[in-house]
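# Architecture and fold: a report
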Amino acid sequence: MRATSRMADVSINTVTKLLVDVGEACADYQNTTLRNLQCKRIQCDEVWGFCYAKTSIFLWITGASLDMAMFGLGRQSVPTPSLCHRWLVGRRDAFFAHSFAADLASRLSSRVQPTTDGHHIYLSAIEGAFGVDVDYAMLVKTYGQPLDDERRYSPPVCTGAIKRRIIGHPNEADVSTSFVERQTLTMRMSMRRLTRLTNGFSKKIENLEHAVALHFMHYNFCRIHRSLRVTPAMAAELSDHVWTLEEVAKLADQVSLGQRDIYTEI
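Since the model is a prediction, treat every value here as computed from it, not as a measurement. (Residues numbered from 1 in each chain as written. Predicted model: local features only at pLDDT ≥ 70, side-chain atom pairs only at ≥ 80, totals over all residues. Heavy atoms only, no water.)

Right, let's get into the packing of aromatic side chains. The geometry of an aromatic ring pair comes down to the distance between the two centres and the angle between the two planes. A full pass over the atoms with the stated rule returns 9 aromatic pairs. Relative to Phe96, the ring of Phe95 has its centre 5.3 Å away and its plane inclined at 90°; by these criteria the two rings are edge-to-face. The class of Phe95 is exposed, set by a relative accessible area of 57%. We classify Phe96 as buried; its relative accessible area is 15%. By way of ring pairs, the aromatic residues Tyr29, Phe221 and Trp243 are connected into one cluster. Over the face of the ring belonging to Phe201 we find Lys203, whose NZ or CZ atom lies 4.5 Å from the ring centre. (Phe/Tyr/Trp six-rings, centres within 6.5 Å; stacked < 30°, edge-to-face > 60°. Buried < 20%, exposed > 50% of the residue type's maximum accessible area, 1.4 Å probe, protein only. Lys NZ or Arg CZ within 6 Å of the ring centre and 35° of its normal.)

The next point concerns the pattern of salt bridges. Under the counting rule described, the total for this entry stands at 9 salt bridges. Between Arg41 and Asp174 there is a salt bridge, and its shortest N-O distance comes to 3.9 Å. You can see Arg41 sitting in strand β1 (residues 39-51) and its partner Asp174 sitting in the loop between β6 (158-167) and α5 (178-190), a full 133 residues away along the chain. Judged by its relative accessible area of 25%, Asp174 falls in the partly exposed class. (Salt bridge = Lys/Arg side-chain N within 4 Å of Asp/Glu carboxyl O. Helix = DSSP H or I, 4+ residues; strand = E, 2+ residues; numbered from the N terminus.)

Another aspect to go through is the pairing of strand β5 (residues 136-143). As judged from the 2 bridges shared by strand β4 (residues 113-116) and β5, these two strands associate in the parallel manner. Its bridge partner being in β5, Thr116 is matched across the sheet by Met138. Running through helix α4 (residues 121-130), the crossover from β4 to the neighbouring parallel element β5 is right-handed. Relative to β6, β5 runs antiparallel, the two being bridged by 8 bridges. What sits directly across from Lys141, in β6, is Ala161. (Pairing = 2+ DSSP bridges. Right-handed = clockwise from strand over helix to strand, strands pointing away.)

What follows deals with the nonpolar core. Counting residues in hydrophobic clusters, the biggest one holds 28 residues, and the most contacted among them are Leu59, Ile61, Trp87, Met187, Val212 and Phe216. If you list the elements that add at least two residues to this core, you get α2 (12-33), β2 (55-69), β3 (77-90), α5, α6 (205-222) and α8 (245-265). In terms of residue count, α6 provides more of this core than any other element does, 8 residues in total. With residues up to four places along the chain from it excluded, the contact list for Val212 reads Leu59, Trp87, Val89 and Met191. Ranked by size, the runner-up nonpolar core spans 27 residues in total, among them Trp60, Leu104, Ile121 and Met138. (Core = buried A, V, L, I, M, F, W, Y, C linked by side-chain atoms within 4.5 Å. Contact = heavy atoms within 4.5 Å.)

This paragraph deals with the side chain of Asn207. Assignment of secondary structure puts Asn207 in helix α6. Apart from the residues within four sequence positions on either side, Asn207 is in contact with Thr16, Leu19, Val20, Arg193 and Ser202.

What follows covers α4. Those residues of α4 that sit buried are Ile121, Tyr122, Ala125, Ile126 and Phe130. The buried residues of α4 occupy an angular sector of 115° when the element is viewed end-on, so they sit on one face. A positive backbone phi angle near 70° is found at Gly131, which sits one or two residues after α4. (Arc of directions from axis to C-beta.)

We now examine the packing of helix α3 (residues 94-106) against α4. The N-to-C vectors of α3 and α4 enclose an angle of 35°; their axes lie 8 Å apart at closest approach. Considering the relative orientation of α3 and α4, their crossing is right-handed. Of α4, the residues touching α3 (which contributes Ala94, Ala97, His98, Ala101, Ala102, Leu104 and Ala105) are Ile121, Ser124, Ala125, Ile126, Ala129 and Phe130. Its residues assigned to classes, the contact of α3 with α4 shows 11 nonpolar, 2 polar and no charged. (Axes fitted to C-alpha atoms, helices over the stretch in contact; angles between N-to-C directions. Left-handed = near helix turned anticlockwise from the far one by under 90°. Nonpolar A, V, L, I, M, F, W, Y, C, P; charged D, E, K, R; others polar.)

So, in structure tokens, the structure goes:
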């Protein structure tokens, strides 16, 4: 943000205000648009970060695979495992897990097969949100002992993975968390706030939420996916074109105008 303020020759407060305005607008727009999704498979995971004085914070995310037709391919059913339609910034506890799962379930219009890691909180959260109308499986990974020199910064070597059926009849071939883990890498590479061992972390939880909403707006609506050759929103038939950054910025103006109309009526 300070680099942006230097390049644009504006105050850092101006850049911060723009982040807040556009972030709120992006969150509102996606909250309204990303609903009634015909998802077949979803993957959930948490991303660790910290805020202010290294207070641990987790970003709950989900990646969806929608069996929908892509443009230019007629009505052929093509999986699009890239749309991120729900995220939540909070603690890694049962309260946020249940809130995350309940909101996730409200956005889906068909029976789905969710896959999570072995985090036990997901067991009650998924069952509470979906009941028995779901094909839920866990992918539990086992790890070896890390070397002494790599204990702090390098993860231990994954020695295997166990697929466990929890609810319903999940297809074992689709039990995976690869897409959501790849999405985690994309987030860390795209958002400086989640880069480890730097001082670019968020000092306010609200600004982290705005940055995450802006990131996923760009990811879902502006960025062309290499394997899809369109944006995830276009593949899911939520948009008919590639959004520009100018269109994203104009969302803030629409929210401001809407708020002014409300204030005028009051």
